[in-house]
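# Fold and geometry: a report
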Amino acid sequence: MISTFTFGGVKTAVHIQENLPSLKNIQSIWAGAPPSPTLFVCDSNTRHIADAARGRDESALCILESGEGAKNWQSVEKILEAAQKCGAGRDALFVAVGGGVMTDITGFAASIYMRGARLAFISTTLLGMVDAALGGKTAIDMFERKNFAGTFYPAQAVYMPVSVLGTLPAAQIKSGLAEIVKTAILDEESDDDIAFEKFYALKNFTTDKSDVLKKKLAKLIAEAVRVKARFVEADPQETGEARVLLNLGHTFAHALESSAGLGKISHGEAVAWGIARACELGLARGKTPKARGEKIRALLGALGYEIAAPHPAMKSLEVFMRSLDDDKKKKAGAFRFVVPAERGAVLIQLNGEKMEEMNLIKNIAAGAGA
Ligand SMILES: NC(=O)c1ccc[n+]([C@@H]2O[C@H](COP(=O)([O-])OP(=O)(O)OC[C@H]3O[C@@H](n4cnc5c(N)ncnc54)[C@H](O)[C@@H]3O)[C@@H](O)[C@H]2O)c1
């Protein structure tokens with residue numbers, strides 16, 4: 001299944017398929033002027049996937065550490081050095097093979113290499129397929145802050161070979177599922193968008209890799225791609241009011257990730273918890289209907305996420321509130337939260353100078369009620 005995702009003037013061909021693409025497949029979109037050379041970037045866990053896709057004599061390989069800890073400047077330098085060593089010019093192709101960490105770093109490196117090299121992704125995690133590999137945001141973490149430096153630089157081709165999810169640890173499947181639930185909440189097209197049956201079978205994907213389940217997963221990935229495309233195409237650089245809605249639950253989630261220590265809990269775990277908090281905040285501000293909030297929380301609970309507050313990984317409420325405050329500074333002084341609405345979601349802003357609004361956020365994060 002191939003769909004097109006447009007970011008500003010750049011088109012991304014998204015391939016949701018069973019198997020890995022070959023090097024020739026990947027290079028074929030530049031048929032008129034073939035890239036030379038091609039540099040694959042992977043981590044220690046995705047090397048076998050990169051090896052299976054690359055024609056060894058015709059490509060170079062840069063292997064990074066795995067996990068959030070690798071999303072740093074040193075990794076960017078390694079990629080730039082590997083590109084320089086293999087004689088890459090601006091027409092070179094960088095191919096990231098991995099989850100969101102590999103695609104974020106490689107995208108960033110490609111965007112600054114000689115002011116912009118060609119870029120493709122082989123996304124190998126569920127979270128990458130439904131979210132991180134799409135939409136052009138690249139980033140590295142710096143000064144203990146997530147995604148502190150980054151660019152907008154979409155890949156021109158993104159491959160989502162569902163068969164590679166077979167080796168993905170159960171916790172990572174669960175992490176990606178949270179982002180699928182998020183896009184389903186945002187999707188206003190069908191009444192059963194957050195229907196329990198739609199997701200529940202996927203809990204078993206870690207033990208049951210049957211074709212039926214793989215097909216179901218591929219369908220949900222395609223739906224998530226469609227929903228993300230709708231918001232990104234309307235507002236590529238998040239300057240308007242559309243793309244920001246993809247941050248449903250993420251203000252709480254990012255503060256939780258920072259207060260737990262970067263990489264300590266998975267992004268999806270944090271997002272699920274953040275969505276549960278967003279339901280409470282939305283109810284308190286008259287935006288989330290009680291029944292819809294309860295339905296969403298029940299779904300997240302049934303999928304095995306920790307949705308109670310405070311989250312056990314939260315080091316302290318003070319650190320959590322400090323992280324939120326950092327986030328507020330980036331957003332012109334207001335706390336910005338996306339919460340579920342009657343259909344889809346809405347953005348609400350809270351004034352951090354008002355004690356009453358600060359206390360509302362604090363109480364929700366601490367589980368003291370809204
Ligand atoms: N750019 C964006 O729009 C965007 C959106 C969402 C998240 N992100 C970023 O994505 C990152 C999280 O991505 P992630 O959850 O994919 O994490 P990840 O890239 O760290 O991958 C998770 C783990 O799975 C391993 N792995 C990957 N594919 C595998 C496979 N097929 N088999 C076995 N192991 C495999 C990795 O080595 C890693 O240890 C975060 O840094 C987040 O900020 C970016």
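Scope of this entry: the structure provided in the associated data block. For clarity, every value in this text was computed on a predicted model and none was experimentally measured.

For the chain, the count of helices and strands is 13 helices and 11 strands. What you see for the chain is a C-alpha radius of gyration of 20 Å, in line with the 21 Å of a compact globule of 370 residues. Buried positions account for 46% of the 370 residues belonging to the chain. Once local pairs closer than 6 in sequence are excluded, the contacts in the chain between residues at least 24 apart make up 70%.

Its 18 residues place the ends of helix α10 (residues 267–284) 25 Å apart at the C-alpha level, agreeing with the 26 Å of an ideal helix rising 1.5 Å per residue. The element α10 is largely enclosed, with a buried count of 16 among its 18 residues. Of the residues trailing α10, Gly286 is marked for its positive phi of about 70°.

Attention shifts here to the site of the ligand. Around the ligand there are 28 residues in total, and Asn45, Ser66, Gly99, Gly100 and Thr125 lie nearest to it. Listed by contribution, the elements that provide at least two residues to the shell around the ligand are α4 (100–112), α5 (126–132) and α6 (170–186). Looking at side-chain class alone, the shell around the ligand contains 6 nonpolar, 16 polar and 6 charged residues. Structurally, the shell around the ligand is a two-domain feature, drawing no fewer than three residues from each of domain 1 (2–167) and domain 2 (170–207 + 236–366).

Analysis parameters
- Residues numbered from 1 in each chain as written.
- Predicted model: local features only at pLDDT ≥ 70, side-chain atom pairs only at ≥ 80, totals over all residues.
- Helix = DSSP H or I, 4+ residues; strand = E, 2+ residues; numbered from the N terminus.
- Rg over C-alpha atoms; globule rule 2.2 N^0.38 Å.
- Buried ≥ 20, exposed ≤ 12 C-beta atoms within 10 Å, placed from the backbone.
- Contact = placed C-beta atoms within 7 Å.
- Expected span 1.5 Å × (residues − 1).
- Near = placed C-beta within 6 Å.
- Nonpolar A, V, L, I, M, F, W, Y, C, P; charged D, E, K, R; others polar.
- Domains from an automatic or database assignment.

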